[in-house]
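As a plain string of letters, each chain reads:
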Amino acid sequence: MERSLNLARLANACYQMIFKLQRQPLLQRTVTDLQPCAARQLQWRRSMSSAVATSSPPKDNLYRQITVEVKGHDPAVLNSYQKFTTSAAEQLGVKIAKISEPPKVITRKSLLKSVFIFKKHQHQYETRTLFRVFEFKHLTESTALTFLEYIQRNLPEGMAMKVTKHELLPIPDHLKPPKQPQSSSSSPSS
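Residues numbered from 1 in each chain as written. Predicted model: local features only at pLDDT ≥ 70, side-chain atom pairs only at ≥ 80, totals over all residues. Heavy atoms only, no water.

## Here we look at helix H4 (residues 141–153)
In an α-helix, one turn spans 3.6 residues; hence positions three or four apart end up facing the same way. Helix length check: H4, at 13 residues, gives a terminal C-alpha distance of 18 Å against a target of 18 Å (1.5 Å per residue), a fit within 8%. What H4 keeps buried is the set Ala144, Phe147, Leu148 and Ile151. Here the buried residues of H4 occupy an arc of 95 degrees about the axis, which is enough to place them on one side. Looking at the buried residues of H4, the elements they touch are strand S1 (62–72), helix H3 (75–92), strand S4 (122–140) and strand S5 (160–168). (Helix = DSSP H or I, 4+ residues; strand = E, 2+ residues; numbered from the N terminus. Expected span 1.5 Å × (residues − 1). Buried < 20%, exposed > 50% of the residue type's maximum accessible area, 1.4 Å probe, protein only. Arc of directions from axis to C-beta. Contact = heavy atoms within 4.5 Å.)

Structure follows, in structure tokens:
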């Protein structure tokens, strides 16, 4: 009985705290009022709102290549999806480097016709997995996100997709050759 009263008091206190937090504007809430996860989200929102107001927009990342591997069991569906993806890439101005068709994978399973006896009488089942690989070259991050979201949302049922991105990054400072100081004095030529 006492335990249920304690739980009821705790639930009531939680509801009151949530109601109090909902009435306060987001940027006026203190971090101590919130749980750790919510506190991190609040700090992130505050930093983002100040960063958006003061800084220029972030630069787009560049991708050297994006490889999309699609696999399924029906060749007609795979052909249709290939046609859809190429037309979507043409409409968005995405450069298709290559479309390849790796060899199909056939897995076979042998099972008894009966539940546990008559080993001579078996059925053999097989699944054929077909693949298509699309390689897209030289994309910006915004174009890649838009294009990938579009083709992923229109992926037919029974198909799987794997996306591999190759991002271009500047050379880190510790790998660059040291800068040599330029001397302003000219050496006399003889």
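## Thoughts on unusual backbone geometry
Of note in the backbone geometry, Phe118 takes a positive phi value of approximately 60 degrees without being a glycine. Given a relative accessible area of 53%, Phe118 falls into the exposed group. Its identity as a non-glycine residue notwithstanding, His138 has a phi of 55 degrees, on the positive side. Tracing the backbone through its elements, the reader meets His138 in strand S4.

## A closer look at the packing of H3 against H4
Contact pair H3 / H4: the axes reach a minimum separation of 11 Å and the direction vectors enclose 155 degrees. Classified by the angle their axes make, H3 and H4 are roughly antiparallel. H3 and H4 meet at a crossing whose hand is right-handed. Each of Tyr81, Phe84, Thr85, Ala88, Ala89 and Leu92 in H3 lies in contact with H4, whose residues at this interface are Phe147, Tyr150, Ile151 and Gln152. Per-class residue counts for the contact of H3 with H4 are 8 nonpolar, 2 polar and no charged. (Axes fitted to C-alpha atoms, helices over the stretch in contact; angles between N-to-C directions. Parallel < 35°, antiparallel > 145°, perpendicular 65-115°, else oblique. Left-handed = near helix turned anticlockwise from the far one by under 90°. Nonpolar A, V, L, I, M, F, W, Y, C, P; charged D, E, K, R; others polar.)

## Quick look at the nonpolar core
Ranked by size, the top nonpolar core spans 18 residues in total, and within it Ile66, Val68, Val70, Phe136 and Phe147 carry the most contacts. Counting only elements with at least two residues in this core, the list comes to S1, H3, S4 and H4. Discounting residues that sit within four places of it in the chain, Val70 has contacts with Leu78, Tyr81, Leu130, Phe131, Arg132, Phe134, Leu155, Met159, Ala160 and Met161. (Core = buried A, V, L, I, M, F, W, Y, C linked by side-chain atoms within 4.5 Å.)

## Some details on the pattern of salt bridges
Enumeration according to the criterion identifies 6 salt bridges in this entry. For the salt bridge of Lys162 with Glu69, the shortest nitrogen-to-oxygen distance reads 3.7 Å. In this pair, Lys162 is assigned in strand S5 and Glu69 in strand S1, connecting sequence segments 93 residues apart. Residue Lys162 is classed as partly exposed on the basis of its relative accessible area, which comes to 48%. Owing to a relative accessible area of 25%, Glu69 belongs among the partly exposed residues under this scheme. Close ionic contact of Arg108 with Glu126 constitutes a salt bridge, the shortest N to O distance being 3.0 Å. On the criterion of sequence distance, the pair formed by Arg108 in strand S3 (residues 105–112) and Glu126 in strand S4 is long-range, its members being 18 residues apart. Among the charged side chains, a network of salt bridges with common partners joins Arg108, Glu126 and Arg128. (Salt bridge = Lys/Arg side-chain N within 4 Å of Asp/Glu carboxyl O.)

## A closer look at the confidence of the model for the chain
Scored by pLDDT, the chain comes out at a mean of 79, with 66% of its residues at no less than 70. Note that pLDDT drops below 50 for residues 26–37; the model gives that stretch 21 contacts with residues more than four away or on any other chain. (pLDDT = per-residue confidence, 0-100.)

## Focus: the packing of aromatic side chains
Scanning the entire structure with this criterion turns up 4 aromatic pairs. With a centroid separation of 6.3 Å and 10 degrees between ring planes, the pair formed by Phe134 and Phe136 is classed as stacked. Classification of Phe134 by relative accessible area gives buried; the value is 1%. Summarising the aromatic geometry, the rings of Phe136 and Phe147 are spaced 4.9 Å apart at their centres and angled 80 degrees between planes, so their arrangement reads as edge-to-face. (Phe/Tyr/Trp six-rings, centres within 6.5 Å; stacked < 30°, edge-to-face > 60°.)

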